[in-house]
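Coordinate inspection notes
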Protein chains: 2
Amino acid sequence: MPYFVFFLPLLCKHGYTLVNIRLQKPESVADAGVTFRTEVKIKVTTTDIAKLAGVSQSTVSRVLNEAPIRISPARKRKILALAEKLNYTPNRSARTLKMGKHQVIAVMAYDITDAFAVECISMMESYLAEKQYRAEWISCAYARRQKVEPKRMLAELAQSVDGMIVIEADRALKDADLLKFWASTNIPMVTVIRRIPGDMISSVTLDDEAGTTRLVEHLVELGHKRIAFCYHRYKFSGDGLSCHPTAARRHEVFKRLIKQHGLGEDPDLQIAVDDNPKDGYEAGRMLISGANLPTAIIAFKDLIAMGLIKACYDHGINIPGNMSIASFDNIRIAEITSPALTTVAANYAEIARLSIDELIRQIENAAEKPFKASHYVSEPELIIRESTMPRQQ
Amino acid sequence: MPYFVFFLPLLCKHGYTLVNIRLQKPESVADAGVTFRTEVKIKVTTTDIAKLAGVSQSTVSRVLNEAPIRISPARKRKILALAEKLNYTPNRSARTLKMGKHQVIAVMAYDITDAFAVECISMMESYLAEKQYRAEWISCAYARRQKVEPKRMLAELAQSVDGMIVIEADRALKDADLLKFWASTNIPMVTVIRRIPGDMISSVTLDDEAGTTRLVEHLVELGHKRIAFCYHRYKFSGDGLSCHPTAARRHEVFKRLIKQHGLGEDPDLQIAVDDNPKDGYEAGRMLISGANLPTAIIAFKDLIAMGLIKACYDHGINIPGNMSIASFDNIRIAEITSPALTTVAANYAEIARLSIDELIRQIENAAEKPFKASHYVSEPELIIRESTMPRQQ
DNA sequence: CTGAAAGCGCTAACAC
DNA sequence: GTGTTAGCGCTTTCAG
């Protein structure tokens, strides 16, 4: 039974009115100790505790915030006990209003249910828990679809968080929008997987140059000569770029390396795909039925590779026997595909740590000037699993 | 350039102090219209607008909230224009503090990066956007690991949201904890994929009876006689149950149906697995190498089935030729596995709609009494894809 | 129609 | 050590 019931008489004496209590038969939950749905809604405040303890409200506040002031032990004990019994929880809005701090950061992604974002979120979540911050996870895709103006959305967001991390920034928002927003709020911000030109916003990016190189070298060493690449179709639309921020870069590096290795740049082996596995499947079908069958295919992300795997499976092409497949990201299912994917793994833990540390640094040194943007680059790791092997003669 | 710059003189006249403006070379972002990082941080308030417009603060509030009072058109225009120019955004904390409403709900799952939760979140997110509510997505797994007491966590949460949805409730929190919390805060609440005994908390559940039946019937019709089942290993630990809430039920129904169809209940064909694909893989290996090879395997969720598929793949067992695989959930990758999974699909859109509608109903009719819990059951749909086919002789 | 004023719950500067 | 007091920005009476 909620503890406050014991205090009802006292509370009533202090002006509370008992609105209504409706009893209900114990039923099977009796053992949970709950037998009624009460209509009295009491949010205990420091003032309540103060009245009950017979001290001033500020004394209560001091005790509960462990202020660096000695409070007489007896009162302290009394207040603490009351807070415990009444199940006191500070009112966040009031505290925020007073302090101007939320202890909350926003993490915005294009789509928080995208597999890459999920991996980032997973790591950030566990890291944030240690840091005494909470996070708000925000997709901008849906908001946009609802015709909410990005600026509006961001402005509102800025009212409820101390800072924000934007994953795949130029996919989430146009650089210019982001910059304008940032300039108008000056809210601490870190972009992940994208560095905004101008050196005013800190960033954590992936070394796609190194990652792509490692992957291509791997395939070249395995003897592959016809290597295909599924890159992200670049779309122009009214509300901005919709290209995977690093996909284009990976493609660039790939083209350069292929040339360097004298493997020729066969345009038939480079296919633009939309960002979904089905399109990967279609790309796979095209590559398989083309005149110039590759012996290895790289996809710009794991989910596309899953489509490729399925296309090969459906057409009786053995992986890795007759076709090697590799990609980028290392989302969690990459190791459970059949066969398991060789992939350029992002170091999600590091990305999370770097971006959050940098953001919190900015938040807590808000006064620090001149502001200096920091840029971190995370090294990806090539994870060789089962989907790549030496080219069969 | 942020609009407030134009108002600086006026603002200064009203007591604002220009702390510092540091200029920076235009660089490449000049076109974004941002050329400096300002150190003046102005959060525009209704009071600011009031001063600039020469009216009282309450008039501004009335205009911005479209209060049902006629305001002289000239003033209205002026205020609106100023708000627009200054990029005014209401301070959420202040509004919340005053109104006692957040327009935010919490969605708590055991792990928000779990594939099932992701599908729920995806649908809830798009549905919520229409409803003018925001959501906070909360995992309790990490919090728990950080030794934050569930009660504490919930109590704090209750301070920043108007209601909450708990996905797979008994996995997230012990029933008793949830009930105690609920009783102590009386916060509107809906559980998803779990109905709390006692009829005091509304719920949206899946018809696992029907779903399991459809799946088993499907396999029986295909002629399968040795059907294996991977069920969720039930774990007892200090802080509660850790069994997939519906997994046990699916297993129960399966066992009953197998008996009904006279297929015998071979204990070797029923394997307990932990909730991860690797354990599914191990289970697959055991089943394959056992004396009594099944011709079909059901997993309690898609991710486990992926492990099974991989086990078959690695051991040269063709799916669906020599082995049919099926499972539950229909997470988004289920259609892109090789082969695509036959699965009992949860209707995520419906789950989202029902749970959110019910929650908002409770929030907005808070005064409504007597409170009446509502219980919705969502019908799953058997989606037959490529991983099941008639038993080969 | 509009302004003045109260107060949501909290923190912190200021008195005693 | 402790109480008093002043707001944080907003909504909403209550007077005019």
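Scroll up for the structure.
Residues numbered from 1 in each chain as written. Chains lettered and ligands numbered in written order. Predicted model: local features only at pLDDT ≥ 70, side-chain atom pairs only at ≥ 80, totals over all residues. Heavy atoms only, no water.

1. A closer look at the overall build of chain A
Within chain A, the secondary structure is distributed over 15 helices and 16 strands. Relative to its full complement of 393 residues, chain A shows a buried share of 55%. Of the contacts formed within chain A by residues at least 6 apart in sequence, a portion of 72% connects residues at least 24 apart. Approximately 17,000 Å² of chain A is accessible, and the part contributed by carbon and sulfur atoms is 53%. (Helix = DSSP H or I, 4+ residues; strand = E, 2+ residues; numbered from the N terminus. Buried < 20%, exposed > 50% of the residue type's maximum accessible area, 1.4 Å probe, protein only. Contact = heavy atoms within 4.5 Å. Areas by Shrake-Rupley, 256 points an atom, 1.4 Å probe, with all protein chains shown as cover.)

2. With respect to the pairing of strand β3 (residues 104–109) of chain A
Residue and element names in this part refer to chain A. Most of β3 sits out of view: six of its six residues are buried. Here β3 shows no split at all, with V104, A106 and M108 on one side and I105, V107 and A109 on the other all buried. Direction of pairing for β3 relative to strand β4 (residues 134–139): parallel, over a ladder of six bridges. Bridged to A109 within β4 is S139. Following the backbone out of β3, through helix α6 (residues 115–131) and into the adjacent parallel β4, one traces a crossover that is right-handed. One ladder, built from four bridges, connects β3 with strand β5 (residues 163–167); its direction is parallel. In the strand pairing of β5, I105 is matched with G163. (Pairing = 2+ DSSP bridges. Right-handed = clockwise from strand over helix to strand, strands pointing away.)

3. Re helix α13 (residues 277–289) of chain B
Residues and elements named next belong to chain B. Compared with the 18 Å implied by 1.5 Å per residue over 13 residues, the 18 Å span of α13 between its first and last C-alpha is a close match. All buried positions along α13 are accounted for by P277, D279, G280, Y281, A283, G284, L287 and I288. At its buried positions, α13 is contacted by β8 (227–232), β11 (270–273), β12 (296–299) and α14 (302–314). The backbone nitrogen of K278 lies 3.1 Å from a side-chain oxygen of the residue at the head of α13, namely N276. (Expected span 1.5 Å × (residues − 1). Polar contact = N/O pair within 3.5 Å; in protein donor to acceptor, adjacent residues only side chain to side chain.)

4. Some remarks on the pattern of salt bridges
Following the criterion strictly, the structure yields 38 salt bridges over all chains and no others. A:K301 is the partner of A:D114 in a salt bridge, and the nearest nitrogen-oxygen pair spans 3.1 Å. Linking A:D114 in the loop between β3 and α6 with A:K301 in the loop between β12 (296–299) and α14 (302–314), this pair joins segments that are 187 residues apart in sequence. According to the relative accessible area criterion, A:K301 is buried, its value standing at 2%. B:E136 is the salt-bridge partner of A:R134, the closest N and O atoms lying 2.4 Å from each other. Residue A:R134 is found in strand β4, and its partner B:E136 is found in strand β4 (residues 134–139); the two belong to separate chains. Residue B:E136 is classed as buried on the basis of its relative accessible area, which comes to 6%. A single network of salt bridges, built from pairs that share partners, joins A:D114, A:D275 and A:K301. (Salt bridge = Lys/Arg side-chain N within 4 Å of Asp/Glu carboxyl O.)

5. Details of helix α2 (residues 46–53) of chain B
Residues and elements named next belong to chain B. Across the eight residues that make up α2, a large majority, six, are buried. If you check which residues of α2 are buried, you get T46, D48, I49, A50, L52 and A53. G54 lies just past α2 and shows a positive phi near 70°.

6. Some thoughts on the sheet that holds β4(A)
Residues and elements named next belong to chain A. Taken in spatial order, the six strands line up as β4-β3-β5-β6-β7-β15 in an open sheet, and their pairing is parallel. Strand pairing shows two members of the sheet lacking a second neighbour, β4 and β15 (375–378), which therefore form its edges. In this sheet, neighbouring strand axes are inclined to one another by 15° on average, regardless of whether the strands run parallel or antiparallel. (Axes fitted to C-alpha atoms, helices over the stretch in contact; angles between N-to-C directions.)

7. A few points about the protein's contact with DNA strand D
A:S58, A:T59, A:R62, A:K98 and B:Y88 are the nearest of the 26 residues found near DNA strand D. Near-protein atoms of DNA strand D (within 4 Å) split between backbone and bases, with sugar and phosphate holding 60%. For DNA strand D, a phosphate oxygen lies 2.7 Å from a polar atom in the side chain of B:T46. Interatomic distance of 3.3 Å between a side-chain N/O atom of B:K98 and a base oxygen of DNA strand D. Elements supplying a minimum of two residues to the surface near DNA strand D: α3 (57–64) and α5 (92–99) of chain A together with α3 (57–64) and α5 (92–99) of chain B. Per-class residue counts for the surface near DNA strand D are eight nonpolar, 11 polar and seven charged. (Near = heavy atom within 4 Å. Nonpolar A, V, L, I, M, F, W, Y, C, P; charged D, E, K, R; others polar.)

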